[in-house]
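What the coordinates show
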Amino acid sequence: MQAVILAAGEGTRLRPKTATKPKPMVRVAGKPILSYCFDTLREIGITDVVVVVGYKQDKITDYYGDSYHELDLTYVTQPERNGLAHAVLMAAPAVESPFLVLNGDNIYRGNLDAVVDHHRGSTAAITFPVDDVSPERATDGAVCQFDGDELVGLVEKPETPPSTTVPMGAYVLPPDIFHACRLIQPSDRGEYELPAAIDLLLTAGYTAETVPFAGWKYNINTESDLDRAAERLAAE
């Protein structure tokens, strides 16, 4: 299995730290956020990695080169930041098989190995970890829609959530997701949303399964996120 790491973001809310480097290169507890993402892949045995870069991409490519420990790194460029689905689409020329997509500005300490193992033993086209949140938090991002026990859709920022089960920002996807990324329309904020592309595949009859998330994950957006992540890492 390959991995696609989305690391093209600028991180305007972390300025001035991101004035000279992309957000994934901001350091937490002594090393770049992106290194934690790479370490997660090492732990679950994925070594073929496509990294989507963009803003100040040379800071990433010069730092890591073509490898990180046993990981083989291939870079593709997202010239404009038009959303996560657009970023995933940039990886299409380098991907030939199902792949795990992760956000390069997230620090994962969870059971992604169980997600990958579940996918390998399943007939589902799509697998991802989920968590249960409050009804209020369920309006903040993508939410799972079920028909009984069957996952039938993903709804982005609904006013009335169809459930309180939310994806945890990691997906095992088939290469067919690239076609879906080309077909979707921009969201109200003008971005091509990855949950919308996944929802299109589900509407077309592709099957998806979820794995309850165990552990923790920080999406690094602000200085307070950096502080909380550093405290959590120090407590390990």
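Residues numbered from 1 in each chain as written. Predicted model: local features only at pLDDT ≥ 70, side-chain atom pairs only at ≥ 80, totals over all residues. Heavy atoms only, no water.

**Here we look at the pairing of strand 15 (residues 215-219)**
- Residues W216 and Y218 of strand 15 are buried on one face, while the alternating residues G215, K217 and N219, pointing to the opposite face, are not.
- Where strand 8 (residues 106-110) and strand 15 come together, five bridges link them in antiparallel fashion. For G110, the partnering residue across the bridge sits in strand 15 and is G215. (Buried < 20%, exposed > 50% of the residue type's maximum accessible area, 1.4 Å probe, protein only. Helix = DSSP H or I, 4+ residues; strand = E, 2+ residues; numbered from the N terminus. Pairing = 2+ DSSP bridges.)

**Structural notes on the layout of surface pockets**
- The volume enclosed by the largest pocket comes to roughly 1600 Å³.
- In terms of lining, the largest pocket is formed by 50 residues, of which the most central are L84, N103, N106, N219 and N221.
- Of all the secondary structure elements, the ones that give two or more residues to the lining of the largest pocket are strand 1 (2-7), helix 3 (84-90), strand 7 (99-103), strand 10 (142-147), strand 12 (165-167), helix 6 (194-203), strand 15 and helix 7 (223-234).
- Of the residues belonging to the lining of the largest pocket, the class tally is 20 nonpolar, 14 polar and 16 charged.
- If you add up the space inside the second largest pocket, you get close to 170 Å³.
- E156, K157, Q185, P186, S187, D188, R189, E193 and A196 together form the lining of the second largest pocket.
- Residues of the lining of the second largest pocket, tallied by class, amount to two nonpolar, two polar and five charged. (1 Å grid on protein atoms, 1.4 Å probe; cavity = no way out; pocket = protein on both sides within 12 Å on 5 of 7 lines; lining within 4 Å. Points joined across faces, edges and corners; volume = space filled by probe spheres on them. Nonpolar A, V, L, I, M, F, W, Y, C, P; charged D, E, K, R; others polar.)

**Re the pairing of strand 7**
- Taking burial as the measure, the five residues of strand 7 include five buried ones, the bulk of the element.
- The alternating pattern of strand 7 places F99, V101 and N103 and L100 and L102 on opposite faces, both of which are buried.
- Two elements, strand 1 and strand 7, share five bridges in a ladder whose sense is parallel. The partner of V4 across the bridge, within strand 7, is V101.
- As paired elements, strand 7 and strand 13 (residues 170-173) share four bridges and run antiparallel to each other. Looking at the pairing, V101 lines up with Y171 of strand 13.

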